[in-house]
Amino acid sequence: MSFLVNSYLENPWTPTQLGSSLALWLDAADASTVILNGSTVSQWSDKSGNGRHASQGTAANQPTYTASAFAGKTGLTFGGNQVLIGASPELANQTNLNFFGVSIITSRTYSVGFGSGGPAATLGIRWGLFGNGANVPDGIGWAGDSSTPLGNGLLLPVSTPFQSSYIKTPTSWNVFLNGTVISNSIADTTFPTGTYNVRIGAEMTTPLVYAASAVYGEFVITIGALSTADRQRVEGYLAHKWGLAGNLPIDHPYKTTPPTV
């Protein structure tokens, strides 16, 4: 049985418990995974064990390392022309793909905060945290999506941290905001084939297009079907770690305490 010791769980659950389905894990709160170039970040290292690090060699396009961005925890700030590029975690043509993030939107913009692009100027997968001019969750799928915006007009919060989950099944995209489902869509559930590198902060890099104005704390990506119980474990882990547990719905199994092993 797990119990609290000095306000920390003795046996805390972490994304490593997801095993081989864990494709990418980026954690700004872990200083050992952030390589600095002065005050900017040249690499955000992958904690999944897969070596899918996200990096940027051009100083002007590197995000800023921001201490205490999330109630005492560090975040990476993207201000409109910053992007990190990572190795592809086999995103192309996936039937099941699951994305979790902790973010702060600092300015409403037509952007892809976390996506996956093709080579150079080729549009790629608009995936996760994509918003139109009003930041309605939109375009969850791949480039060219013209479906009705998701979320029934719900605006993503600005200047306020939130946790988001995007669950792709063979038949739908299901979007959760702070552990509460806000929409599902049957549009664009089949990804195009090809090689798509992860892009954090923008969708395209040459030229830089759909750039975000946001702060990112953590990303977890899994491949393969994900149970409801595991989705809620990831949400509970992120919510408690980043001070967002109060935003979870009252019936969420980790509303009060984080998941344990």
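Residues numbered from 1 in each chain as written. Predicted model: local features only at pLDDT ≥ 70, side-chain atom pairs only at ≥ 80, totals over all residues. Heavy atoms only, no water.

Q: Describe the pattern of salt bridges, with residues and values.
A: Tallied over the entire structure, the rule returns 6 salt bridges. Lys-47 is paired through a salt bridge with Asp-27; the nearest N and O atoms lie 3.0 Å apart. Within this pair, whereas Lys-47 is found in the loop between β5 (40-44) and β6 (54-55), its partner Asp-27 is found in strand β3 (residues 22-27), the two being separated by 20 residues in sequence. What makes Asp-27 buried here is its relative accessible area of 2%. A salt bridge links Arg-231 to Glu-235, with the nearest nitrogen and oxygen atoms 2.9 Å apart. With Arg-231 and Glu-235 both in helix α1 (residues 228-241) and 4 residues apart, this pair spans about one turn of that helix. Take Arg-231: its relative accessible area is 11%, and that puts it in the buried class. Taken together, the shared-partner salt bridges connect Asp-27, Asp-30, Lys-47, Glu-218 and Lys-241 into one network. (Salt bridge = Lys/Arg side-chain N within 4 Å of Asp/Glu carboxyl O. Helix = DSSP H or I, 4+ residues; strand = E, 2+ residues; numbered from the N terminus. Buried < 20%, exposed > 50% of the residue type's maximum accessible area, 1.4 Å probe, protein only.)

Q: Describe in detail unusual backbone geometry, supporting the description with residues and values.
A: With phi around 55°, Ser-68 is a residue other than glycine that occupies positive phi space. The exposure class assigned to Ser-68 is partly exposed, which follows from its relative accessible area of 49%. Unusually for a residue other than glycine, Ala-71 sits at a positive phi of about 45°. Mapping Ala-71 onto the fold places it in the loop between β7 (64-70) and β8 (73-79). According to the relative accessible area criterion, Ala-71 is exposed, its value standing at 77%.

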